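So you can see what is in the structure, the chains are spelled out below.
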Amino acid sequence: MQAGKGISIPSILKVGKGALARIGSYLKKEGIEQVVIFFGNGLIDLFGTDVMASLKQEEIRVLEYSELDTVDIDDIITLAFAMPNKTQAVISIGGGKVIDAGKYAAFLRNIPFISVPTSSSSDGFSSASASLLVHGKRTSVPARLAYGIIVDTQIIRTAPEKFIYSGIGDMLSKITAIYDWIYEEKCGYSEVNDFAVMIAKKAVNSFVRTPYESIKDELFLKELVDSLAMSGIANEIAGSSAPTSGSEHLISHALDKILEIPQLHGIQVGIATYIMSKVQDHRYVRVETVLRETGFFDYAATLQMKRDDFIRAIDMVPSIKPFRHTYLHEESYRETAKKLVREDEVLSRVLV
């Protein structure tokens, strides 16, 4: 291993009830005094007053703020270099789109990024890459790990339930992703970083063992968000997304290409995780139990996702990331996966 390779971890990590109203004091402690804020669509009305009041109280200047609804890389490059030179940090408040855009703008300007997700739909709020439109195609580009992650569990709880289900699907996928990575090493295509594996494993195990009455319980949501944040750090340690993104993510990426309107990332990934846990013959009872007991499968069944789309997506996997070697990069496992999609009892209730 290369000596002295620094690993970034967030300097601010605040997850809890009412965290958003304390954003000013969190930034003040870090010496951040001049910021640019991007809000997701419609979120200035919802959260603008609280955020501005908290920053004003700590004498933090908001140089610019706006609602942002683009992930087109050219728009974001323009935006990044139009920000005032004295900007000390970029804050994004909202869903995946505005977080990816803000994260990339901060990366281009080499300044801290403060991630304030308003839903728990994926680990994107803590990852060091951004999903942007490059020449009209969704592409993962390098960005930066958030300097700060501030998550108000009260806001996460009030977001539509589909976002919580999406987060559950994305979190569970670490089970199959790690197994794919270990398999990849066994086949001579990759080298596993044991520390990254440990962090990703601890994240998912801590989450699946959390007791809950409802998926809106404070403890359950805090555990989900904490675990998603740890996933981003596992990727940072590995220097790639391998610890948290395997064949199950490749199925979802393929669906994004096939479908005119894809479902939420974590919903597609959750179903693909169930498929892959059975293909790998690894912890599928645990995966099925969590997806059933949280109500994920019941929700997914309302979406009328098509069996044939999943079969096509499975066939596309090797072309999505040809340099990887997950289980699905081998034909025999693709055949097993497709057979499952056609015949599995659970999937027959979820897919049409």
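Residues numbered from 1 in each chain as written. Predicted model: local features only at pLDDT ≥ 70, side-chain atom pairs only at ≥ 80, totals over all residues. Heavy atoms only, no water.

## Things to note about unusual backbone geometry
Rules: What counts as a helix is a DSSP run of H or I of at least four residues, what counts as a strand is a run of E of at least two, and both are numbered from the N terminus. Type-normalised accessible area, obtained with a 1.4 Å probe on protein chains alone, sets the label of each residue: buried when under 20%, exposed when over 50%, and partly exposed for intermediate values.
In this model, H135 sits at a positive phi of 50°, which is unusual for a non-glycine residue. Within the secondary structure, H135 is located in the loop between β6 (129-134) and β7 (137-142). Looking at H135, the relative accessible area reads 78%, which means it is exposed.

## Let's talk about the sheet that holds strand β2 (residues 34-39)
Our working rule: At least two DSSP bridges between two strands are needed for those strands to be called paired. In this analysis, axes come from line fits to C-alpha atoms, helices being fitted only over the stretch in contact, and the angle between any two N-to-C directions falls in the range 0 to 180 degrees. In what follows, a contact means two residues having at least one pair of non-hydrogen atoms within 4.5 Å.
The parallel open sheet is built from six strands, whose spatial order is β1-β8-β5-β4-β2-β3. The open sheet is flanked by β1 (12-16) and β3 (61-67), the only strands paired with a single partner. When strand polarity is set aside, the average angle formed by the axes of neighbouring strands in this sheet is 15°. Two strands pair when backbone bridges link them, and strand β5 (residues 113-117) and strand β8 (residues 148-152) are joined in this way by two bridges, in the parallel orientation. Bridging from a neighbouring strand, I114 pairs with G148 of β8. Where helix α2 (residues 43-57) meets the sheet, its contacts fall on β2, β3 and β4 (89-94), and the angle it forms with β2 comes to roughly 165°.

## Quick notes on the pattern of salt bridges
Formally: Put simply, a salt bridge is a Lys or Arg side-chain nitrogen that is within 4 Å of an Asp or Glu carboxyl oxygen.
Under the defined criterion, the tally for this structure stands at 12 salt bridges. In this structure, E218 and R157 form a salt bridge, with 4.0 Å as the shortest nitrogen-oxygen distance. Of the two residues, E218 is situated in helix α8 (residues 218-238) and R157 in helix α5 (residues 153-158); the sequence distance between them amounts to 61 residues. When the shortest N-O distance is used, the salt bridge between K338 and E335 registers 3.2 Å.

## Topic: the packing of aromatic side chains
Just so we agree on the cut-off: Only centres within 6.5 Å qualify two rings of Phe, Tyr or Trp (six-membered ring in Trp) as a pair; their planes then separate them into stacked at under 30 degrees, edge-to-face at over 60, and tilted for everything else.
Considering all chains together, one arrives at 11 aromatic pairs under this definition. With centroids separated by 4.8 Å and ring planes inclined at 70°, the aromatic side chains of Y327 and Y333 adopt a geometry described as edge-to-face. The exposure class assigned to Y327 is buried, which follows from its relative accessible area of 7%. Of the residues examined, Y333 reaches a relative accessible area of 24% and is grouped as partly exposed. Here the aromatic residues Y179, Y183, Y327 and Y333 are joined through ring pairs into a cluster of three or more.

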